[in-house]
Amino acid sequence: MRGRIITSDHRVFELPALLRWNLTYTGSVPCDSYTVTCVYDRTMAEPLHLAAGFLALDEDGRLLLRGIVDEYAVELTASGLTVTICGRGYAARLVDNESRPVTYQGATLAEIIRCHVTPYGITAAEIAPVSASSVYTVASGTSQWKVLESFCRTYGGFAPRFRRDGLLVAAPERDDGRRIIIGADSPVLSCTLREDHYGVLTEVLVIDKTRNASYSVKNQDMIARGGQCRRVVYTPGQSTWAAMRYTGEYQIQRSREEELTIEVELAGCFLAFPGDVVRLRLEALGIDGEYRVAEAENQASPEAGEVSTLTLRERI
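Predicted model only: the values in this text are computed from it and were never measured. (Residues numbered from 1 in each chain as written. Predicted model: local features only at pLDDT ≥ 70, side-chain atom pairs only at ≥ 80, totals over all residues. Heavy atoms only, no water.)

A. The sheet that holds strand 17 (residues 230–235), seen in detail. Taking strand neighbours across the sheet as the criterion, the three strands line up as 16-15-17 in an open arrangement whose pairing is mixed. Where the open sheet ends on each side, the last strands, each with one partner, are strand 16 (213–218) and strand 17. Strand after strand, the sheet turns through a mean of 20° between neighbouring axes, direction not considered. (Pairing = 2+ DSSP bridges. Helix = DSSP H or I, 4+ residues; strand = E, 2+ residues; numbered from the N terminus. Axes fitted to C-alpha atoms, helices over the stretch in contact; angles between N-to-C directions.)

B. Layout of the sheet that holds strand 11 (residues 161–162). Sheet architecture is open: three strands sit in the order 9-12-11, paired in mixed fashion. Looking at the sheet topology across the chains shown, the edges are occupied by strand 9 (124–127) and strand 11.

C. Representation of helix 3 (residues 109–116). What helix 3 keeps buried is the set Leu-109, Ile-112, Ile-113 and His-116. Burial along helix 3 is one-sided: seen end-on, the buried residues are contained in an arc of 95°. As for helix 3, its buried residues are in contact with helix 2 (91–95), strand 8 (102–105), strand 9, strand 10 (135–138), helix 4 (144–156) and strand 12 (168–170). (Buried < 20%, exposed > 50% of the residue type's maximum accessible area, 1.4 Å probe, protein only. Arc of directions from axis to C-beta. Contact = heavy atoms within 4.5 Å.)

D. Representation of a nonpolar patch on the surface within the structure. Where nonpolar side chains cluster on the molecular surface, the patch consists of Tyr-72, Val-74, Leu-76 and Leu-81 and spans about 360 Å² of accessible area. At three residues, the largest contribution of residues to the nonpolar patch is made by strand 6 (residues 63–77). Among the structural elements, Leu-76 can be located in strand 6. (Patch = residues over 30% accessible without salt bridge, like charges linked within 9 Å, V, L, I, M, F, W, Y side chains within 5 Å. Areas by Shrake-Rupley, 256 points an atom, 1.4 Å probe, with all protein chains shown as cover. Salt bridge = Lys/Arg side-chain N within 4 Å of Asp/Glu carboxyl O.)

E. Main features of the packing of aromatic side chains. For the structure on display, the rule yields nine aromatic pairs. Seen from their ring centres, Tyr-25 and Phe-273 are 5.0 Å apart, and the 80° between their planes marks the pair as edge-to-face. Residue Tyr-25 is located in strand 3 (residues 18–25), and its partner Phe-273 is located in the loop between strand 18 (260–267) and strand 19 (277–282); the two are separated by 248 residues in the primary sequence. Ring geometry for Tyr-136 and Tyr-155: centres 6.0 Å apart, planes at 80°, overall edge-to-face. Linking Tyr-136 in strand 10 with Tyr-155 in helix 4, this pair joins segments that are 19 residues apart in sequence. Exposure class is identical for Tyr-136 and Tyr-155. Each is buried. An aromatic cluster of at least three residues, connected via ring pairs, comprises Trp-21, Tyr-25, Phe-270 and Phe-273. Its end group placed over the ring of Phe-273, Arg-164 keeps NZ or CZ at 3.7 Å from the ring centre. (Phe/Tyr/Trp six-rings, centres within 6.5 Å; stacked < 30°, edge-to-face > 60°. Lys NZ or Arg CZ within 6 Å of the ring centre and 35° of its normal.)

F. How the structure looks around the pattern of salt bridges. Taken as a whole and assessed by the stated rule, the structure comprises 24 salt bridges. Between Asp-276 and Arg-178 there is a salt bridge whose closest N-O contact spans 3.3 Å. Placement of the pair is Asp-276 in the loop between strand 18 and strand 19 and Arg-178 in the loop between strand 12 and strand 13 (179–182), with a sequence separation of 98 residues. Between Asp-288 and Arg-279 there is a salt bridge, and its shortest N-O distance comes to 3.0 Å. We classify Asp-288 as exposed; its relative accessible area is 53%. Put simply, Lys-146, Glu-149, Arg-153, Arg-254 and Glu-257 are held in one network by salt bridges that share partners.

G. Representation of the environment of Arg-174 within the structure. Tracing the sequence through the fold places Arg-174 in the loop between strand 12 and strand 13. A relative accessible area of 47% places Arg-174 in the partly exposed class. Sequence spacing of Arg-174 and Tyr-40 is 134 residues, and the spatial spacing of their C-alpha atoms is 43 Å. Once you skip the residues sitting within four places of it in the chain, Arg-174 turns out to touch Glu-126 and Arg-161.

On their own, these measurements won't tell you what the molecule is for.
In structure tokens form, the structure reads like this:
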């Protein structure tokens, strides 16, 4: 893998050969992130001081990650002089900036992106034709990412995400990711299955205070397993029964997203990315099913070689 720095005055600086690196993909928040280490010399002082962007490329020049530079550290040890550069993907530009309070009447997703995303140098590759069915209010101190994510989830039923090239996709996720099989013949180094019931909702009571109406949505599967966790959600006035039911089901679905997590560590890098589907067959753990890749960490070092850690979750 190769690394390039882009300075604030738009110069491109090619880094020396990387000694070790770590690229983690989420496509969302927490942001994609990277850490790279290479040999340092004093001619790098100015470009590092002005470093604003980072590009990770494979040996053929294909883009692996576009991000921002958060930090660098130069270190002198018995092994020599090195610099380590750390940063995050483009979602960080929205996470780091807050919105002023504003109220929209019948806003569209395109309008939200124009006001809360585009000013931060982010381009949208895809925008779904979503509009608000009610007043959309942005509270003071809300991050620009939260403004975008809340609008997409509330009125579109999906989460926005970033591609590896830094472009925003504000549209429902299509089932067009790669399909990968991991089984007994795969280079599995370790596998951990974790089931966490904390925070998984068993009931959501949706209340329309204006009409003094309520609607209860229950998670029968978790109730049958002895769970007991209720939330009360208030909706804007004049909500329809369909909207109230959807709100309750949406809250329960969100709470289930991280209930089951499988972490698989494999030899090799860039084996899968968020959005891909993994058919996992590990008889020793009793696992045989399809899961979505939620996070993919790729790291390389002289000590361990190249290793990928995939975080898998249920396809809900």
